[in-house]
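Notes for the structure review
What follows is the residue order along each chain.
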Amino acid sequence: MNYFEYFSEIEERFSRRRGSILLLSTLDWALIETWREAGVPLEAVLRGIDTAFDKYDAKAARAKSRTSKVNGLAWCSQAVMQAAEEMVEAATGTVPANAIGMPSSGFEAERVARFLEENAKAVEAAIIDQAAAEAVRVETLRRLRELAEVMRRAAPMPLDELDRTLTVLEERLFAALFSAAPEDEIVALREQADRELAAYRARMSAVQIKQVQTQFLQKRLLEVRRLPRLSLFYMGHE
């Protein structure tokens, strides 16, 4: 199981249970990222989706009127967290802090180096007006190229160490963008996140809502400026 499969398996299961293809929204992807970062096992997410839809189908079968369609993954959030808790309770021994882990195949050094170079090109092409954020962009570009060279050495950097480095680079870039972004842009993005979360607040904890809001904001700030996500997760697999 690698990072790409975590997202794709969840997307496929949700679409199949919904009964029609529905492209995941920015909010949905942000929610999946919070599960991944929290170490929620894929099995728990899939089990939670199935449980939520089983209840939905049973309710729809009893309803005399037409039941509204499920339009977001956050609708399954409560069932996913319950499934994760049940897995922890049923497990013997301790549960790792990050149950997903790093990918074990499909991440050859040369492919990783090319991924880093592609991201470097995207970062180089991005235009950022604010001086402080521009300085961070230039440093990010330098480090990506440097890391690509490291991955082509006889003894490349371990993938877990590389991904931690990339996560730090992305967090710094996001912090710079957030600090430099116009106030009205941040307010508008927060309002958008609140609107999309409104229907699901009762199913999510306050901590989870905060995490999803942060992921949503980060994703949108990077997208608007056409900046790539840097983690190895976004490399996908062949």
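Scroll up for the structure.
This one's a predicted model, so the numbers in the text were calculated from it and none came from an experiment.

Focus: helix α7 (residues 159-180)
An ideal rise of 1.5 Å per residue puts 32 Å on 22 residues; α7 measures up with 31 Å between its terminal C-alpha atoms. If you check which residues of α7 are buried, you get Leu159, Leu162, Asp163, Thr165, Leu166, Leu169, Glu170, Leu173, Phe174, Ala176, Leu177 and Ala180.

Some thoughts on unusual backbone geometry
Negative phi is the rule for most residues except glycine; trans is the rule for most peptide bonds. We note that Arg226 has phi near 60°; this positive angle belongs to a residue other than glycine. Mapped onto the elements, Arg226 comes out in the segment after α9 (206-224). Residue classification places Arg226 among the exposed positions, given a relative accessible area of 74%.

With respect to helix α4 (residues 77-90)
Because an α-helix completes one turn every 3.6 residues, residues spaced three or four positions apart along the sequence face the same direction. The terminal C-alpha atoms of α4 lie 20 Å apart, and with 14 residues this matches the ideal 20 Å at 1.5 Å per residue to within 8%. Buried within α4 are the following residues: Ser77, Ala79, Val80, Ala83 and Ala84. Looking straight down α4, one finds that the buried residues subtend no more than 165° of arc, so they occupy a single side. For α4, the exposed residues lying more than 90 degrees away from the buried face are Glu85 and Glu89.

What counts, and where the lines are drawn
Residues numbered from 1 in each chain as written. Predicted model: local features only at pLDDT ≥ 70, side-chain atom pairs only at ≥ 80, totals over all residues. Heavy atoms only, no water. Helix = DSSP H or I, 4+ residues; strand = E, 2+ residues; numbered from the N terminus. Expected span 1.5 Å × (residues − 1). Buried < 20%, exposed > 50% of the residue type's maximum accessible area, 1.4 Å probe, protein only. Arc of directions from axis to C-beta.

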